[in-house]
Amino acid sequence: MFKITALPTDEVRAFQAGAPDAYGHAPERAVSTGTGNPCRHCLQHIPEGAEMLILAHRPFAETHPYAETGPIFLCASPCERYEGTDLPEVLTSSPDYLIKGYGRDDRIVYGTGVVTPTGRISAAVDAILARPEVVYIHVRSARNNCYQARIDRVTA
Ligand SMILES: [Zn+2]
């Protein structure tokens, strides 16, 4: 069993209020073109014509060689954080995604990274999480390598 972990609401609200991104810049503002502009908080595509934020995000608490930083989009206005175990819209609208497992030290567990067709993501996630050294999974765009969401184990 796994759950989808979107960006924490307090971090997102700060960006929506203009807090600096991973590189110290205020988030850029742009207008969404719809599909292709996934919000990493509600995990929906930002509606076409709606204002959005573009910013550099590092989905790790600390900096280290594996702590990749890259571009993400967020709704410019407060949206509701996705909570759930089903794959949300932004993780089912592309033909495939790059998924990879990370260990307790926040470093890639080599051998887990794989570009996975969307219909096989749930099975691939279960297989990666079956490895005891994997603590969580990151889902990225298979084409642009942009961070999409984290996946965590659900423990009963
Ligand atoms: Zn949103």
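Just so it is clear, the structure is predicted and the values come from calculations on it, not from any experiment. (Residues numbered from 1 in each chain as written. Predicted model: local features only at pLDDT ≥ 70, side-chain atom pairs only at ≥ 80, totals over all residues. Heavy atoms only, no water.)

Draft legend 1. How the structure looks around the overall build of the protein chain. The number of helices and strands found in the protein chain is two helices and nine strands. Traced from its N-terminal end to its C-terminal end, the protein chain shows the element sequence β-α-β-β-β-β-β-β-α-β-β. For 156 residues, the compact-globule formula gives about 15 Å, and the C-alpha radius of gyration of the protein chain, at 15 Å, lands near that figure. Projected onto its principal axes, the C-alpha coordinates of the protein chain cover approximately 40 × 30 × 30 Å. A separation of at least 24 residues holds for 61% of the contacts in the protein chain among residues at least 6 apart in sequence. Approximately 7,800 Å² of the protein chain is accessible, and the part contributed by carbon and sulfur atoms is 52%. Averaging the positions of the 15 positive and the 18 negative side-chain charges in the protein chain gives two centres separated by 5 Å. (Helix = DSSP H or I, 4+ residues; strand = E, 2+ residues; numbered from the N terminus. Rg over C-alpha atoms; globule rule 2.2 N^0.38 Å. Contact = heavy atoms within 4.5 Å. Areas by Shrake-Rupley, 256 points an atom, 1.4 Å probe, with all protein chains shown as cover. Lys, Arg positive; Asp, Glu negative; His and termini not counted. Charge placed at Lys NZ, Arg CZ, Asp CG, Glu CD.)

Draft legend 2. Quick peek at the sheet that holds strand β3 (residues 51–57). In spatial order, the strands read β2-β3-β4; together these three strands make up an open sheet with antiparallel pairing. Of all the strands in the sheet, the pair left with one neighbour each is β2 (28–31) and β4 (70–75). Geometrically, the sheet is characterised by an average inter-axis angle of 35° between neighbouring strands, direction not taken into account. When β2 meets β3, the two strands line up antiparallel, connected through four bridges. Each residue of the ladder has a partner; that of A30, found in β3, is M52. (Pairing = 2+ DSSP bridges. Axes fitted to C-alpha atoms, helices over the stretch in contact; angles between N-to-C directions.)

Draft legend 3. How the structure looks around the layout of surface pockets. If you add up the space inside the largest pocket, you get close to 320 Å³. Around the largest pocket, the lining comprises 19 residues; the ones closest to its centre are E11, H57, R58, P59 and F60. Of all the secondary structure elements, the ones that give two or more residues to the lining of the largest pocket are α1 (9–16), β8 (136–141) and β9 (147–153). There are two domains that each give the lining of the largest pocket at least three residues, and those are domain 1 (7–82) and domain 2 (89–153). The volume enclosed by the second largest pocket comes to roughly 270 Å³. (1 Å grid on protein atoms, 1.4 Å probe; cavity = no way out; pocket = protein on both sides within 12 Å on 5 of 7 lines; lining within 4 Å. Points joined across faces, edges and corners; volume = space filled by probe spheres on them. Domains from an automatic or database assignment.)

In short, shape yes, function no, at least from these values alone.
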